[in-house]
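Chain by chain, the residues:
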Amino acid sequence: MTSVNDERIISAVDRYFGNPDIARNLTALCRRLPAEAQVAVAGGAIRNVIIALIHGSAPPTPDIDIFIGGLQRDFSLPHALAGQLIEQTDLKGFCWHPEGSQLAYDLCLLPDFVVIEACHLEPTMDNLLNSIDFTVNAVVFDVRGRSLAENGCTADIRARRIDFNCHVIPNRELIAYRVLLMAHKTGFTLSETVFDFLKHRLELDTVTHLLKIIRSKLDKETADTVTADYDALCRCRDYGAYLAGRGR
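None of the values given here were measured: they were computed from a predicted structure. (Residues numbered from 1 in each chain as written. Predicted model: local features only at pLDDT ≥ 70, side-chain atom pairs only at ≥ 80, totals over all residues. Heavy atoms only, no water.)

Moving on to the overall build of the chain. Helix and strand counts for the chain stand at twelve helices and ten strands. If you line up the chain on its principal axes, its C-alpha atoms span 55 × 40 × 35 Å. Counting all 248 residues of the chain, 47% fall into the buried class. Charged side chains in the chain number 26 positive and 32 negative. The centres of these two groups are separated by 5 Å. (Helix = DSSP H or I, 4+ residues; strand = E, 2+ residues; numbered from the N terminus. Buried < 20%, exposed > 50% of the residue type's maximum accessible area, 1.4 Å probe, protein only. Lys, Arg positive; Asp, Glu negative; His and termini not counted. Charge placed at Lys NZ, Arg CZ, Asp CG, Glu CD.)

Following this line, the structure appears as structure tokens:
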């Protein structure tokens, strides 16, 4: 875990979370949690703030991913958010829709985060940061402490590169889907490790499931584009050919 010291990035993130709508909802969430709760935003929302700052524009942010630690194992988020609109998600989390908010908030207790649970890791913020899928997502904002930490996020955003941050892959088709979607949204180049994973490390059954996920989660136009990008990648004889095709 490395503290982010770039004042431009820190200021941009502070401005984002100082937005009245977001600040109001984060304050409301913290008030419903015990004082000892650790509340952190990770991944996409912060990533997009940094992308916009460095490259001028970023993908839209539909939701904010929040991880909550420091609580008893039997702590109930639905009970804490009684009276609020929440729904359970696929990976043991909850999607919270604050009234009047333009954003949804995906909430996850640290012990339930997929890699922490699968690897029986201590539910700490350090382990959260080390368990995030890609380096461009490996950035965490401590809501109460107002601090920002990363694992190579800003460097890979500057390089427009998608690389693995965590090499534990509990679900290959889901990670492959997330890689392809990230590449589509950002236009970033895959690292050689990620390219090799997509081209050589997916079995036929996994590819079949991957294509079904793409079709089920994306609109037809986007699904067609993402599938075509994957087909083009698979036709590259090696990583050098992939880079050449991207003009590098």
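We are not done yet, so read on.
All right, on to the packing of helix α1 (residues 7-17) against helix α3 (residues 44-55) then. Two numbers describe how α1 lies on α3: the axes approach to 10 Å, and their chain directions differ by 125°. In terms of axis orientation, α1 runs oblique to α3. In the crossing of α1 with α3, the sense of the turn from one axis to the other is right-handed. On α3, the residues touching Arg8, Ile9, Ala12, Val13, Tyr16 and Phe17 of α1 are Ala45, Ile46, Val49, Ile50 and Leu53. Residues belonging to the contact of α1 with α3 are distributed by class as follows: ten nonpolar, no polar and one charged. (Axes fitted to C-alpha atoms, helices over the stretch in contact; angles between N-to-C directions. Parallel < 35°, antiparallel > 145°, perpendicular 65-115°, else oblique. Left-handed = near helix turned anticlockwise from the far one by under 90°. Contact = heavy atoms within 4.5 Å. Nonpolar A, V, L, I, M, F, W, Y, C, P; charged D, E, K, R; others polar.)

Quick look at the pairing of strand β7 (residues 139-142) now. Relative to β7, strand β2 (residues 38-42) is paired through three bridges, and the arrangement is antiparallel. Residue pairing for β7: Ala42 is matched across the bridge by Val140. Bridge analysis of β7 against strand β8 (residues 147-150) gives four bridges, and the strand direction is antiparallel. Pairing of Val139 across the sheet is with Glu150, part of β8. Hairpin connection from β7 to β8: four residues lie between these consecutive antiparallel strands, with Arg146 at a positive phi of about 55°. (Pairing = 2+ DSSP bridges.)

Evaluation of the coordinates by the stated rule reveals nine aromatic pairs. Centroid distance Tyr16 to Phe17: 5.1 Å. Interplanar angle 85°. Geometry classified as edge-to-face. Each member of the pair, Tyr16 as well as Phe17, carries the same accessibility label: buried. Here the aromatic cluster, defined as three or more aromatic residues joined through ring pairs, consists of Tyr16, Phe17 and Phe141. (Phe/Tyr/Trp six-rings, centres within 6.5 Å; stacked < 30°, edge-to-face > 60°.)

Glancing now at α3. Helix length check: α3, at twelve residues, gives a terminal C-alpha distance of 16 Å against a target of 16 Å (1.5 Å per residue), a fit within 8%. Along α3, the residues that are buried comprise Gly44, Ala45, Ile46, Arg47, Asn48, Val49, Ile50 and Ile51. Of the residues flanking the end of α3, it is Gly56, one or two places downstream, whose phi is positive at about 95°. (Expected span 1.5 Å × (residues − 1).)

A few words on the environment of Tyr242. Along the chain, the position of Tyr242 falls in helix α12 (residues 239-245). For the pair Tyr242 and Leu190, spaced 52 residues apart in sequence, the C-alpha to C-alpha distance is 9.1 Å. Other than its neighbours up to four places away in sequence, Tyr242 contacts Thr189, Leu190, Phe195, Leu233 and Cys236.

Buried within α1 we find Ile9, Ala12, Val13, Tyr16 and Phe17. Burial along α1 is one-sided: seen end-on, the buried residues are contained in an arc of 125°. Exposed side chains of α1 directed beyond 90 degrees from the buried face belong to Glu7 and Arg15. Of the residues that open α1, the one with a side-chain oxygen 2.9 Å from the backbone nitrogen of Arg8 is Asp6. (Arc of directions from axis to C-beta. Polar contact = N/O pair within 3.5 Å; in protein donor to acceptor, adjacent residues only side chain to side chain.)

What follows concerns the pattern of salt bridges. The final tally for this structure, using the stated rule, is ten salt bridges. With a closest N to O distance of 2.6 Å, Asp133 and Arg178 form a salt bridge. Separated by 45 residues along the polypeptide, Asp133 in the loop between α6 (125-131) and β7 and Arg178 in helix α8 (residues 172-186) bring together distant segments of the chain. Residue classification places Asp133 among the buried positions, given a relative accessible area of 11%. Of the charged contacts, one joins Asp224 and Lys220 as a salt bridge, the two residues approaching to 2.9 Å between their closest N and O atoms. Highlighted residues: Asp224 and Lys220, both in helix α11 (residues 220-235), separated by four residues, approximately one helical turn. A relative accessible area of 30% places Asp224 in the partly exposed class. When salt bridges that share partners are traced, they join Arg215, Lys220 and Asp224 into one network. (Salt bridge = Lys/Arg side-chain N within 4 Å of Asp/Glu carboxyl O.)

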